[in-house]
Structure formats: C-alpha cells, structure tokens
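# Structural characterization, general
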Amino acid sequence: MSSEDEAVVFDVQRFSVHDGPGIRTVVFFKGCALACRWCQNPESRRPQPELSYHVDRCLPGCRLCVSLCPEDAILDRMIDRVRWDACTHCSACVDVCPSNALVMVGERWTVERLLDAVIADRHFYATSGGGVTLSGGEPVLASEFLRGFLPRAKQAGLHLALETSGHYPFALLEPLLPDLDLILFDIKAGGRQRHLELVGHDSVQILANLERLLTRDGGPELEIRMAVVPGLNDGDASLDRICATLRELGVEQLTLLPYNHLWEAKLPRLDTEQVALGIAPPSEGYYRALEQRFADRGVTGLVGEALP
Ligand code: SF4
Ligand code: SF4
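Rules of the game
- Residues numbered from 1 in each chain as written.
- Chains lettered and ligands numbered in written order.
- Predicted model: local features only at pLDDT ≥ 70, side-chain atom pairs only at ≥ 80, totals over all residues.
- Heavy atoms only, no water.
- Near = heavy atom within 4 Å.
- Nonpolar A, V, L, I, M, F, W, Y, C, P; charged D, E, K, R; others polar.
- UniProt positions renumbered as here; feature names shortened; annotations may be inferred.
- Helix = DSSP H or I, 4+ residues; strand = E, 2+ residues; numbered from the N terminus.
- 1 Å grid on protein atoms, 1.4 Å probe; cavity = no way out; pocket = protein on both sides within 12 Å on 5 of 7 lines; lining within 4 Å.
- Points joined across faces, edges and corners; volume = space filled by probe spheres on them.
- Domains from an automatic or database assignment.
- Expected span 1.5 Å × (residues − 1).
- Buried < 20%, exposed > 50% of the residue type's maximum accessible area, 1.4 Å probe, protein only.
- Arc of directions from axis to C-beta.
- Contact = heavy atoms within 4.5 Å.
- Pairing = 2+ DSSP bridges.
- Axes fitted to C-alpha atoms, helices over the stretch in contact; angles between N-to-C directions.
- Core = buried A, V, L, I, M, F, W, Y, C linked by side-chain atoms within 4.5 Å.
- Buried area = accessible area lost by both parts, 1.4 Å probe.
- Salt bridge = Lys/Arg side-chain N within 4 Å of Asp/Glu carboxyl O.
- Polar contact = N/O pair within 3.5 Å; in protein donor to acceptor, adjacent residues only side chain to side chain.

## So, the site of ligand 1
Near ligand 1, the surroundings consist of 13 residues, among which Cys 69, Cys 87, Cys 90, Ser 91 and Cys 93 are the closest. For the shell around ligand 1, the residue count by class is nine nonpolar, three polar and one charged.

Set out below in structure tokens:
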C-alpha cells in the first residue's frame, strides 16, 4: 500500500516512446481496483509486492527453496512449483533462490529515490519533448505519495503525464491536477452491464470523473484512449454507447490502442485469476474499418501505437 512517504512501484521504464510525447520514463505503480480481462500488467493489480516464479530460470536439481516455505507453498517440482492458494508473498524463498527464478514484483520507493531516478534522464526529455508518465496499476491510488512527488518533479521542470482508468473518488485526483501536464484517460467499454462484466465495476464513477475533468477550467491536457479488444469491447452496442457518451460530453476524438497479447506470457508466473484470452492481434484492415465505425458514430477514432 502506498503512503505519504512510500509507494509500491513495480517498474521504472526508461526511454519509453509509447506513453505520451517524446522520450519518457514510465513509473508503474502497484494496485488497481479494476479487473480488466485484457489487463496488460497482471502483476500490477495487488497493491503489495508479490512473488513471481519464472520456471525458465529454475535450476534443475537445486531444490534450495523446497521445505523452506513457512506455508508449505513450494512443491518439489519445476512446473507449477508454487501453490498460490497457500503463498502469503512473504518473500522468504526469494532470498535463497540463486537464479532469480523466485523474485518479488514491486518494492517500496520513497519520493526522494523516485525523483533521483526520473531526473537522471532530464537531458533526454529536454531534447525530445518528453518527460515522466505515471502508470500502473492505477497511479491515482498512490495519491498521498504523488502529492509529495509531483510538485517537486514539476519544480525540476519535468513534463508530467498520468495514465488512468478514472475509477476512484475524484478527491484523490483533484490535488494532483495543478502539477500534471497531460492525462491519458482510458475508456474500457460501452454499456453499464458490459463494463461490469469486462472490468469488474460499472462505469458510473469513471464517467463522472471524466465529466468533471472535461468541464474544468484550465488544468492538464486530456487525451481519451481506448484499448480495443476484438470480440470483447468492439461490438456495435459497445461502440454505440461509447460514442453517444463521448458526444454528450463534447468529446470529438479518441485514440484507439491496438490490442496485443504479450501479457498472457506473464500469467504462469503469477498469483492471478486473470486468464488467457487467445485473441490474435487483428489486421491493419480491422483497424481501418474500426476508424470508419467510429466515424459513422460521429467520433474520430485514431489508431495509435500498439500497447507496449
Ligand atoms: S513467498 Fe513466502 S509464502 Fe510464498 S512461496 Fe515464498 S516462502 Fe512461501
Ligand atoms: S531456489 Fe530457485 S533455482 Fe532453486 S529450485 Fe527453488 S526456484 Fe529453482
């Protein structure tokens, strides 16, 4: 869990060109209240650091971790070694593993440490028009921490972007707005029931927060995005609902993020209920037709870069 002093971060990715303008450092926070069936970062959901097991790194015959677990959650075999229903993510086994087959995902970062990490690349931001992007998980859940981090990052002259699902009380986001330059706001699906089925919550709070952002004077630039998942959120009824809502809110354009399935490779390593979807990345023709389907509904949908 995050606090004023610390937040659980699971990756700090330098030299990204996917998450906002220019060259960026993307900070991935752990913790999210949604359960999108296509979540690209299944390791981001749990707010605390968690165990991950990489069978490809396990050394045959080693067995150092076996019998060490206080919960008897480690089995004497390579495939499916961890009994996730018993594991408490205590990290005891990580310390004995010589090959990093057992590792913790996420660690606690202080404001100071994160500032040092992102300021290190300020030269690249300056020459490319880049900056720092807060991602996750849902970074706004680390609001207390960000209230300490963002003003100091702003003072250092950094361009600051936020990737968000919008699913939280607006009071968590509001104090962050003065220091943010850009919000990349994700729409998941159209229709209350379909939204609930696909991401675990309805869209009432998300749309209320989006409306508040759109009707504010000043504040960060807003880009609305949608990760398109063929067969799940791209049906006519879903698009009808999304476009009607966007038109009601006065939004004329959104960015369509092409689907990739790279996240499925992470599932066997994690304690997660997310399941593989087996959806192949669609063709160029699919996206051209998709742009037309949005245009037919009075909204400009521009296909952006594939999700990293
Ligand atoms: S993290 Fe702790 S509980 Fe989980 S397998 Fe390792 S030692 Fe056992
Ligand atoms: S300690 Fe690491 S390398 Fe050794 S058996 Fe356990 S997971 Fe494999």
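## Thoughts on the UniProt feature "domain: Radical SAM core" (unreviewed entry) in the chain
What UniProt calls "domain: Radical SAM core" (unreviewed entry) maps, in this numbering, to residues 18-297. Here residues 18-297 is 28% helix and 16% strand, with 27 Å between the C-alpha atoms at its ends.

## Observations regarding the layout of surface pockets
If you add up the space inside the largest pocket, you get close to 1000 Å³. Lining of the largest pocket is provided by 49 residues; of these, Phe 28, Gln 40, Asn 41, Ser 135 and Gly 136 occupy positions nearest its centre. Counting residues per element, the ones that place at least two in the lining of the largest pocket are β1 (6-16), β4 (102-105), β7 (160-164), β8 (182-187), β9 (221-227) and β10 (253-257). Across the lining of the largest pocket, the residue classes tally to 20 nonpolar, 16 polar and 13 charged. Two domains each provide a minimum of three residues to the lining of the largest pocket, namely domain 1 (6-47 + 107-303) and domain 2 (50-105).

## Considering helix α8 (residues 284-296)
For α8, spanning 13 residues, the distance from its first C-alpha to its last is 19 Å, which sits close to the expected 18 Å at 1.5 Å a residue. Of all the positions in α8, only Tyr 286, Tyr 287, Leu 290 and Phe 294 are classed as buried. Each buried residue of α8 lies within a common arc of 95° when the element is viewed along its axis, so the set occupies one face. Exposed residues pointing more than 90 degrees away from the buried face of α8 are listed as Glu 284 and Asp 296. Contacts made by the buried residues of α8 are with β9, α7 (236-248), β10 and β11 (300-303). Downstream of α8 by a residue or two, Gly 298 has a phi angle that is positive, lying close to 80°.

## Quick notes on the pairing of strand β2 (residues 24-29)
For β2, the tally of buried residues reaches six of six residues, placing the bulk of the element in the interior. Both faces of β2 are covered, namely the face carrying Arg 24, Val 26 and Phe 28 and the face carrying Thr 25, Val 27 and Phe 29. In terms of strand pairing, β1 meets β2 through five bridges, oriented antiparallel. When the bridges of β2 are listed, Val 9 appears paired with Phe 29. Looking at chain direction, β2 and strand β6 (residues 131-135) are connected through five bridges and run parallel. Each bridged residue has a counterpart across the sheet, and for Val 27 the counterpart in β6 is Leu 134.

## Observations concerning the sheet that holds β6
The strands that make up a sheet are held in pairs by hydrogen bonds between backbone atoms, and each pair lies either parallel or antiparallel. A sheet is described by the order of its strands in space; here nine strands give the open sequence β5-β1-β2-β6-β7-β8-β9-β10-β11, paired in mixed fashion. At either margin of the open sheet sits one strand with a lone partner, and together these are β5 (107-110) and β11. Taking each pair of neighbouring strands and ignoring which way they run, the sheet shows an average axis angle of 35°. In terms of strand pairing, β6 meets β7 through three bridges, oriented parallel. Directly across from Val 132, in β7, lies its bridge partner Leu 160. Sitting on the sheet, α8 is in contact with β9, β10 and β11, with an inclination near 160° to β11.

## As for the nonpolar core
In this structure, Phe 29, Trp 38, Leu 134, Phe 145, Phe 149 and Phe 294 are the most contacted members of the largest nonpolar core, which totals 65 residues. No other element matches helix α3 (residues 143-155), which puts five residues into this core. If sequence neighbours within four positions are ignored, Leu 134 has contacts with Val 27, Phe 29, Pro 139, Leu 146, Phe 149, Leu 150, Ala 161, Leu 162 and Glu 163. Core analysis: the second largest hydrophobic core is formed by 17 residues, Tyr 53, Ala 73, Trp 84 and Cys 87 among them.

## Side note on the domain arrangement of the chain
Examined at the domain level, the chain breaks down into domain 1 (6-47 + 107-303) and domain 2 (50-105). Counting from both sides, the interface comprises eight residues of domain 1 and, opposite them, eight residues of domain 2. Between domain 1 and domain 2, roughly 800 Å² of surface is buried when both sides are summed, and carbon and sulfur atoms account for 50% of that area. Sorting the residues of domain 1 by area buried against domain 2 places Arg 269, Leu 270 and Asp 271 first, and these three jointly supply 59% of that buried surface. Counting every contact that joins domain 1 to domain 2 gives two salt bridges. Glu 50 is the partner of Lys 30 in a salt bridge, and the nearest nitrogen-oxygen pair spans 2.6 Å. Seen at the junction of domain 1 and domain 2, the total is five residue pairs in polar contact (both at pLDDT 80 or more). Tallied by class, the residues present in the side of domain 1 that touches domain 2 amount to three nonpolar, no polar and five charged.

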